[in-house]
Structure formats: C-alpha cells, structure tokens
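Read off the chains here:
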Amino acid sequence: MYHKTLSYRIFSILNNTGLLFISLLCIIPLVHVLAISFSAKSAADANIVNLWPVDFTLEAYRKTIDNPIFLNSIWISIMRTSIGTALTLLLAFMAAYPLSRESTSFKARSYYSWIFVFAMVFNGGLVPFYMMIQNLNLMGSFWALVLPGAVNIYLTILMMNFFRGIPKELEEAAMIDGAGHFRVLFTIFLPVSKPAIATLSLFSIVFHWNSWFDGLLYTEGVHQYPLATFLQTVIISRDMSSMSLDPVSLALISQKTVSAAQIFIGALPVLIIYPFLQKFFVKGLVVGSVKE
Amino acid sequence: MRQLKRHWPFHLMILPSLVFLILFSYLPMAGIVMAFQDFKPRLGITGSEWIGLDNFRYMFEREDSLEVIWNTLVIAVLKIIFNLAAPFTFALFLNEVRKELFKRYVQTMVYLPHFLSWVILGGILIDILSSDGGFVNRILGMVGIGPIFFLGEGNWFRFTVIISEVWKEFGYGTIVFLAALSNINPSLYEAAEVDGASRWKQTLHITMPSMVPMAIVVGTLALGNILNAGFDQIFNLYNPLVYDKGDIIDTFVYRTAIISGEMGFGTAVGLFKSIISMILIFVSYRMAYKWANYRIF
Amino acid sequence: MISAYKKQLLLVLSLILVVGLLAACGKDNTGTGEGTNAGASTENEYKEKYDPPVTLTTVWGVAPEVKYKNGETIENNVATKWAKEQFGIEIKSLWSVTDTNNALATKLRLAMSSGQDMPDVLVVGNNDPQLVADLVDSGYFREAGDLFDQYANDTWKKAMELDPNVWNPYIRDGKKMGIPVLDYAYNNDYLLWIRQDWLDKLNMKAPTTIAELETVMEAFKNNNPDGLAPDKVTPLSIGFKTKLSSWMGDPSWIFGAYGAMPEQWNVGTDGNLEYGSINTGMKQGLEKLSEWSKKGFIPKEAALWDENKTAEPAVAGTAGIIPGPYWMSGWPLVDTAKNVPTAKWTPIALPKGPDGKATSHGTPFSSAVILINKDIKHPEALFTYENWMFDNFANPAKGSPLEVGMFKGYDYDVDANGNTLYQDDIPGGYINIVRYFLVRDGARIPDAQMTALLELADGKEPETKLEKDIANSFGKQTPEAAKVLMSQKDVALMNMFTGPTTPTMKSKMDYLKKIELQTFNEIIYGTKPIDAFDTFVANWNKSGGEQITKEVNEWYASVK
C-alpha cells in the first residue's frame, strides 16, 4: 500500500501543513470583517481593527437585526435562490441529456449546442433586455429575478459533460428493458448524477445569491431588493462630490461596523451550505452502480 | 420524419431551455444594432440615427486604445491560465488528504474568499500591501526585501491583480475538479496497486487524465472572458500611477459612459468582445475535436 | 440524411419564430397606453388645498442611508400622508431605486429607451450633467421658468435670486427647462483642520502660509508631541486616487495657493473660461507636493487614497492636518477623541502662497433640478407644496410650529416630561425626513445655514430650527469653523461651466483626464521631472483640450 511508505508519509505531512497554511490565508479577510463587525465605530473608522475586535460591542448586530429591510431582503434572496436553483437545475438536467448524445445518434445536437454557446457569448445589452422584462410584464415582479437567468448555459454544458462520463451500459440495459428516454433520464441518470447535481446546485445557489444588478433594475424599490442588491447599495463607495453633504448623513453612510455585520450575516447561508453539499461528492458513485 | 419520430423526446427535453433562451437571449439580441447607432434614449432603437462604424472607430482611435487593449489581454490571459492551473493543482493535493474531516475543512476555508466583494477586499489589500508599514512589506523587510509599492508600480500592479484574483477564486474553482475526481472508478486504483504502481504514477495515469476533460471544458469556456480582465477588481484597485499598465477596456468604457452617457458605444465594445470570444471558442472547439477527438459541447 | 438536417433546422427556426411572434404580440398590447392624456384640460387654479385631491406622480432615486420605521416606505410614509392631508396632493410613486452604481441614471435612460411613462415631477441631481442634458432635451419635459414666475412665492423667488447662475444648466433657447433645487452655500468650501493639542505642546502658532505650514508639518513628524515615531505620523492627510478636487482630504487648495484650481473651469485673465488643471500655477503646486511626498509630509500612498481613506489617520489620531469642509467636526473628526482622548481639532484658514494667495474650490448653490412633465395636469400643485415648504420649513423661526421638528416620532420626539428628544434619543430611531419630501432636501435657502452658524459662533443660544439642528448634530467646533470660513470668504472659486457636456468632451475628456492624473501623479512621485507638466499642457491642447475650451466658451458666451 503506497500510503504506508516513508516517502509518502513525509509527503503527506508536508501536504497537510501546506494545505492548512493556505486555508488560513483564505479566512484572514473574513476574520477581519468579523472583527470589524464586533468593534466600536470609532475604532473601525480609524482603521485600527485587525483580526481581533477593538472595544467589543454587539451594537452593529443589534442595528442589523433591527433593520426590517435587511431581514426582508434575506427572505427574498432565499426565495429566489431556492426557486431559481430548482428551475435552473431542472432545465439543465433535461437539456443536457440530448446534448450529451453522440452526433451520430442525434444529429441536431450540434445545432442546439451552438445555439447555447452563441447565447452565452453574445448579448444585446441592457436596453432590449429591459424592454423584454417590461413587455413580459415582469417589471417589479419576483419572477424578474428568477426567469431571465433560468437557463444557465455554463451549467448546462457542465452537466452535459458529466452525463458523458456515465457508462453506456447503464442506459443500454434500461433500453433493452423497454424504457424510454425520459425514464432513462429520471430513473437511471438522476441517481448516479448526485455528485454532479450537488456541484451544479452549489454553483447555481452561489450565482443566485450573489446576483445584484437585476435586483436594482427590475424591482420597484428597496422593499423588493434581494440581499445581494441591498448589500451592494450599502458597501459601495459612492461619488459624493456633488450630493448635499452634511455630518448627519455621512455618519449614517459610513457605518463600517454595520456593513461588516451585514456582509457576514449575508454570506453565512452560502458558507453553511457547502459542507452540507460536500457529502454528495462520494467517490465512485457512478461506476459503482454498474454491474459488471 | 422518421428522425423526428425517433428523436421527439430529445427535442422535447431541450424545448423549455430553448424558450427561455429565445425570450431572454435571442430576442434581446436585436439590441446589437445599437452598436451601429448614435443611440439616444428618447428615440429608442428604432428611431436613433445610424452612424455605421463610428462607435468602433472611437474605440480604436483613442491615443491609448492599443495600450488599454493590450493591458486587458495580458491580465485576462494570465488570469485564465492561473485560474485553471491553480484549482487543478490544488485538487490534486487535496486528493491526497486521507482524513475526510480535514479535507472538508480545507475545502470550505479556501472557498470563503469568493464571497467577499472586491470593494471589501480592495480596502483590505491596500492596507496589507501598503509600502508604508503594510503587513506584507514588513515580512519582506525582515528578509531584507523591499519595500515594494505593489499597487503603485505598473508591473507589480499586474502581478498583484493576478495573484489576488487567483487567491480569491481558486477554492471556488476547485469544486468542479473535485466533482470530476468523484467520477473515478476506485477499481482502477486497486488494479494499479496490484501492478505495483507508485502513487505518483497513479496520479499521473489515473487521477490527472480523469480531470483533463473537465479542464478542457472549463478552459474553453473561460476563453469567453479573453477581453474581460475583471472590472470590479481593477476598478477598486487601480490608480493614476498604474493607468499605463492597469487601465482595461471595461474601466475605460465605464468612465466614458459616466461622462457621455453613450449606450451605443458600450454596445459596440460588447459586440467586439463577443466576436473575439466566439472566434477563440470556435477555434479551441475545433482543436479539441481534431486532436483529442473530444467535443466540448 | 441531408433532408433530416434541414427538417431539424426548420423545426428550430419555426420554434424561434413562434415564440418571437408571441413576444411581439405582448409588446403591442402593452405599448399603446402612452402619451395620450394631453387633451385633459382641467382648470389650473392655484389653491392652498385641493379638494378633491390632485395627484402628482414621481420617481425616487433613494440614497442608501435612508431609513424607515413603522413599516413605511419611500412611496408611502409620514411625509406623503402629510402632503395629502395638508394640501390634498396625492404623491404617487411610479418606481424607486437606490441610487448607487448610477442606478437612477441607468434606470431613467432605460425607461426613456423603452417608452415607459415619465413622472409629473422628476428631481435629479446635477452631479451627472449628461443625464440632466439627456432628460432636458428628451422632449418629455416642459418649460418650467414660466411656471416658476407665475406660481412661486416671494420666499422661494428671493432665495433663487441669491445666485442667478443656478438656472444656467437648464436654459435652452432662452427657455428655462427646469427649476434648480437650492442647497446650502459654502457646504464644500475648504479650510484646514489641525491638531490644536499638538500645536500647543510644541508651542507653535497655527500656520498662515505654505512656508509656515511646512515648519509645522516638520515638527509634527519629527518631533511628535504624542511621541509617535516619525514613520507613524501623517502630518497632512490627503489623497488623490481619482480626483485632485473633491469633498474631503484633497490637495486642490495647495494649487490654490499658487493661483490654480484644478479640474474646473475658471475665468481667466482675458475673461474667458480656462481649464484649471493647465494653469501655470499647477506647476508650483506639483513641485511642492513632490517635495512633501519625498519628505513624508503626505501619505506615501496618497495616489491610492480616496476621501474616506484620508479620514482614517485623522480619526486614529495619527494625522496632524486634514483639509475639508467646515462641518467635519460633526463627522468624522468627532471620533478622534474616542481613540486619543487628548486630541483636539481646530479649524484654521487656508494657508497663503508666496504671493499671498489662497484659493478653495467653491460650492454651487444648487444640487439638483426639478423637471416638470409636459403632460402634467396640475403643475400648480407642485408650487402649493414647495411654496409652503419655503415659507414654513426652510427656516422656521423661534415659536414656529416647526421650531423643534416636523414629524413627531421621526425627526424629533417629546418625552413624558415635555423635553424634546433628538437623534438617537428618539424611540425607534431618528429619521432624516428631508429625504421623504417630493423635492430633494425639502426646501433650502442657500445662506440660511451659514447665517445660523454665525449667530451661534457669536455665542447666541440656539433658537431657530436651523440653529437647534446645528447645535444638536453638527459637532462642537462647527460654528467656529463657519466663522473661519467666512473670514476667508473670497477665496472660493466656483466651477463656471455648468452647461451640458460638449461634443468634444464626450469623445476626449476621459483621455484628457487620464493623462492629467497620470502626469501629475508621476510628477508628485518623482518618476517624471517637473517639466513633464509643460509637455502635458501641450498634449492636452493638442488632443482635444483646445477644442473643448472653445466649446465651453461658446456656451459661456450664451449665458453670460
């Protein structure tokens, strides 16, 4: 067994140490944000908070929890993410099946896949898109956040490539038993695609959770904003040179500690979901189900 | 007709996606004509004046056009390469971790930076990279290097932009390769073990080949970003000292749009970028098919 | 085989066609409702209160810091309810957007492009001159000057007369196409804030010239009274990441000491407008800055610092001087004492250059514009609303019903003992109600705030509403700073070009700004010799600057 050799053990120790170091490097900024969220405003404004709170206080979290718009935006984000992801995955799952056929067995697949790729690369810009949303009567509706991004071409192509890795024998066996394509897709492909579905769900969840521009343009105001849009409007540094400035407004704008708390709470759901999805990355799931 | 009869489930499966694509991609593509218009919001797409290639001419006739396009290409190409290489390598190393819990811990931690926006990270980077007592320069100072003005010197700026991007995204990019690894048949390893292949040999002949198709797909699709060097990042980090090495197409379009409000110009630049991307994707698609007999999509 | 291909292709194409047609039908159905309500001719009689109520539609670009309580929204809140009760005016919102990332401008342009209805009353900031010009020239909005003459009351008219130039950006063929929204004067004029406790410990006097300023900075750095090591001190906290002339912590006044004011159009010696950044005074300013950068008087990374960043060392107590507006004592400097208890900031006048000159950038008297839809049914209702605001809200005197505030429980409250509560003491939090009004900031008379400040600076007890506001939330040293500002009143130079973006500006200005900032930074950081300035000026003129200057002066001649 290779992992019992001395050289591999040494490698293993070095490898683990290296990975630990890199993982620490990656959480430093988040720790910094977290430290700011627990610090006093005066310390945060002076930029003297590093990785540990200065003058510990929960004030920022109290203000965050007290803000009905923030809480509402989390709810909208959860809704859009769950519905959007379900829709995206269903569409990708179905479209990827015919696309994963060999050209010899399904000629039209090449046309279709270029239709997909072309749509991924070219776009008409904001103006016609906005008109489309308006003409479909989606302006100010929740569905304006879900439907336009429902087809995720990138994920469809990934799914297609996963399908190609599924052994032909599985499908052929089912076909001999008289199953149609829909049945093959939902009874044979679905169970063995768990790792793929977990991966694509994660991508889709992150995509929906982080999208903010649509929330800004296709809603009718702050009460319809998803979380990402809300956060974007809070943390962005604004060009204030020509707005009417006064210390009262500026004090309200520059709430570094509150923004930090909101950023942290806002990132929490997607951070928690990842370890949960990891358990689907089980090795050899696909191949293991082939009876040889 | 016989074809259709046999293939109707295929068409039916694609149909829902197709409807969405037509509604939200293909019909709005009519807007591409704005690239050839002096677009005025009040007049709309049907009423604005046609000006031929003037929008494109403007993009290429600025004194700094070449510089900006070159900056974009250099930064974007390096990002594409490293954004592919770093997750690929990292997935290989992670694959050697045998303690499942530790593996999951590392996986989750490296995925975190993806969720912080460049507005936040930009501020943090300016602080830790400061040539005036920033953390990194203090460390470098201990070994007698520096101080280095990471964000104020052109070449260092590019270096910083690429490294920080890789740092932010590699953990997220690793996911897709880990998923590919989960597709490997364990019996392959068992067989190699019996043959007495070393772990390195196993990695070389079993692990890596199983990730290559995914790498080709991801890499090809990334070519679509050949002229997107990362607006948010550059916009938050660049400054007058590095305009000559750091100003990219997107930042320049952004500034122009603020001054002139021209929507036609933005569309023209977008069209130019799309055409270049499409050509590259097409070429690499053909190459992958010809040499590796692999259809990416 | 080939026919199979064709059939499949045909199928795809026909699908596209069908869905396309469907979408096109949808388009026709919704596209007909626009622009046909001009025929309605109701009597436009000005009233103090309308019965039955009249409706004014509007859209909102909401600042992100705007807060709500009691489940209210920008569309429906204490101020809109009040408008209905007080005037019989129903304020109907078509949509609102949080105004970051140019969202309001984008949304308005998209709305215009797609033929969405424009509101009766639209208020947009004039910091985006191109958007204002697009809107004014769109044909959606009517002449407003005649309405103003007909309906506005004396208070409003008098306030407007303080600076007739405020109309300039909106004049087309002699017609006033929008009504300027007035703002407090002097708001962004500059002075210096200096650490008085450091000066005292060093036994030094506040600097009045650039030369004295250098001595003080030298002492702050190398002989720091708080015992900070020289490399920990930022004697002068400034930054110029995107601009040389901004709202806090910029270096414009240094050039001002040599008679130049960058990034704006100033009247030259020949009476024509000249772009400030190419004035020869810039050269001396750049030389000075380069010297200060080498000596470590300004932050090493000033090229990376934006406005908020310059405030950080000031709040941390490691900066000695920060330039900025008179109200900085209320924010951000109020927090310095929390980090360094001995710290004390004092406002001083801008130091003079070798010729005895000092210059600050000025503050326009107007911050936004009111545009009135050409199809509006009741333009007089807007004036009913604003006239009242100017008479009652703009500067409530002692004893007025609005003396302590307007909406109880929002901008003020009263406790059980009858004491007035302000700001954080209000149960449920303070609401900056001026953001809720139909017209941005409610109503402001440009000189009212400064008058109030000067009264307070002379030791008067706060009596009027404005005086009380200032005393409650503007910081201790603000009246004192206002006095300093008034003592150097003549130093402020306003940007004299307020017209729409000229054609050459559209195509060249970005490049010109880029080479300007690049050259200046390179000179300051010593990577280019000072002579690079002359090359820059030549380049600037050659690459379109000359043409822009011509266009700007053509506009100037048309409004002069």
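Residues numbered from 1 in each chain as written. Chains lettered and ligands numbered in written order. Predicted model: local features only at pLDDT ≥ 70, side-chain atom pairs only at ≥ 80, totals over all residues. Heavy atoms only, no water.

- Under an unreviewed UniProt entry, chain B has the name Putative aldouronate transport system permease protein and belongs to Paenibacillus algorifonticola.
- Quoted verbatim from the Sequence similarities (unreviewed entry) heading of the UniProt record, the comment on chain B is "Belongs to the binding-protein-dependent transport system permease family."
- Listed in UniProt under the heading Subcellular location (unreviewed entry), the comment for chain B reads: "Cell membrane". (UniProt positions renumbered as here; feature names shortened; annotations may be inferred.)

- As recorded in an unreviewed UniProt entry, chain A goes by the name Putative aldouronate transport system permease protein, listed as coming from Paenibacillus algorifonticola.
- As stated in UniProt under Subcellular location (unreviewed entry), the record for chain A gives "Cell membrane".

1. Details of the UniProt feature "domain: ABC transmembrane type-1" (unreviewed entry) in chain B
Inference 1: In the UniProt entry, the feature "domain: ABC transmembrane type-1" (unreviewed entry) is given for residues 69-284 of chain B.
Inference 2: What you have in residues 69-284 of chain B is 76% helix and 0% strand, and the ends, taken at the C-alpha atoms, are 22 Å apart. (Helix = DSSP H or I, 4+ residues; strand = E, 2+ residues; numbered from the N terminus.)

2. Thoughts on the UniProt feature "transmembrane region" (unreviewed entry) in chain B
Residue and element names in this part refer to chain B.
Inference 1: The sites that UniProt annotates as "transmembrane region" (unreviewed entry) are residues 12-36, 68-94, 106-129, 135-152, 211-231 and 263-285.
Inference 2: Across residues 106-129 one finds 71% helix and 0% strand; the C-alpha atoms that close the span lie 25 Å apart.
Inference 3: End-to-end, the C-alpha atoms of residues 263-285 are 32 Å apart, and along that stretch the chain is 100% helix and 0% strand.

3. Here's the deal with the packing of helix H5 (residues 109-121) of chain A against helix H8 (residues 153-164) of chain A
Residues and elements named next belong to chain A.
Inference 1: Here H5 crosses H8 at 145°, and the two axes come no closer than 9 Å. Taken together, the residues of H8 that come into contact with H5 (itself represented by Arg109, Phe116, Val117, Ala119 and Met120) are Ile153, Tyr154, Thr156, Ile157, Met160 and Arg164.
Inference 2: Residue composition of the contact of H5 with H8, by class: eight nonpolar, one polar and two charged. (Axes fitted to C-alpha atoms, helices over the stretch in contact; angles between N-to-C directions. Contact = heavy atoms within 4.5 Å. Nonpolar A, V, L, I, M, F, W, Y, C, P; charged D, E, K, R; others polar.)

4. Some points on the interface of chain B and chain A
Inference 1: The interface is formed by 88 residues belonging to chain B together with 94 residues belonging to chain A.
Inference 2: Across the chain B to chain A interface the summed buried area is about 8,400 Å²; carbon plus sulfur atoms make up 74%.
Inference 3: Ranking the residues of chain B by area buried against chain A places B:Met13, B:Phe24 and B:Phe297 at the top, with a combined share of 10%.
Inference 4: The interface formed by chain B and chain A includes zero salt bridges. (Buried area = accessible area lost by both parts, 1.4 Å probe. Salt bridge = Lys/Arg side-chain N within 4 Å of Asp/Glu carboxyl O.)

5. Here's the deal with the pattern of salt bridges
Inference 1: Within this structure, the stated rule accounts for 47 salt bridges over all chains.
Inference 2: Between B:Asp127 and C:Lys309 there is a salt bridge, with its nearest N and O atoms 2.5 Å apart. One end of the pair, B:Asp127, is in helix H6 (residues 118-128); the other, C:Lys309, is in helix H11 (residues 307-316), on a second chain.
Inference 3: You can call B:Asp127 partly exposed: its relative accessible area is 26%.
Inference 4: Residue classification places C:Lys309 among the buried positions, given a relative accessible area of 11%.
Inference 5: Between C:Glu463 and C:Lys460 there is a salt bridge; the shortest N-O distance is 3.9 Å.
Inference 6: Taking relative accessible area as the criterion, C:Glu463 reaches 30% and is therefore assigned partly exposed. (Buried < 20%, exposed > 50% of the residue type's maximum accessible area, 1.4 Å probe, protein only.)

6. Here's the deal with the nonpolar core
Inference 1: Core analysis: the biggest nonpolar cluster contains 364 residues, and B:Tyr111, C:Trp82, C:Leu108, C:Ile179, C:Trp292, C:Tyr385 and C:Phe437 have the highest contact counts within it.
Inference 2: Broken down by element, the residue count for this core peaks at 14 residues, all from helix H8 (residues 154-181) of chain B.
Inference 3: Leave out the neighbours within four places in its chain, and B:Tyr111 touches A:Leu202, A:Val206, A:Val270, A:Leu271, A:Ile273, A:Tyr274, B:Gly171, B:Tyr172 and B:Ile175. (Core = buried A, V, L, I, M, F, W, Y, C linked by side-chain atoms within 4.5 Å.)

7. Observations concerning the pairing of strand S11 (residues 319-324) of chain C
All names here are of chain C.
Inference 1: Counting buried positions over the six residues of S11 gives six, a clear majority of the element.
Inference 2: The pairing of strand S7 (residues 191-195) with S11 spans four bridges and is antiparallel. What sits directly across from Leu192, in S11, is Pro323.
Inference 3: Both strand S8 (residues 234-236) and S11 contribute to a ladder of two bridges, which runs parallel. When the bridges of S11 are listed, Leu236 appears paired with Ile321. (Pairing = 2+ DSSP bridges.)

8. Considerations on helix H8 (residues 210-222) of chain C
Inference 1: The terminal C-alpha atoms of H8(C) lie 18 Å apart, and with 13 residues this matches the ideal 18 Å at 1.5 Å per residue to within 8%.
Inference 2: All of the buried residues along H8(C) are C:Ile210, C:Leu213, C:Glu214, C:Val216, C:Met217, C:Ala219, C:Phe220 and C:Lys221. (Expected span 1.5 Å × (residues − 1).)

9. Some remarks on the interface of chain C and chain A
Inference 1: At the junction of the two partners, chain C supplies 59 residues and chain A supplies 53 residues.
Inference 2: Regarding the contact of chain C and chain A, the summed buried area is about 4,900 Å², with carbon and sulfur atoms giving 59% of it.
Inference 3: For the pair chain C and chain A, the number of links is two salt bridges.
Inference 4: Residue C:Glu312 is joined to A:Lys256 by a salt bridge in which the shortest nitrogen-to-oxygen separation is 3.2 Å.
Inference 5: The tally of links from chain C across to chain A stands at 11 residue pairs in polar contact (both at pLDDT 80 or more).
Inference 6: With nine residues, helix H1 (residues 2-30) of chain C is the largest single contributor of residues to the side of chain C that touches chain A. (Polar contact = N/O pair within 3.5 Å; in protein donor to acceptor, adjacent residues only side chain to side chain.)

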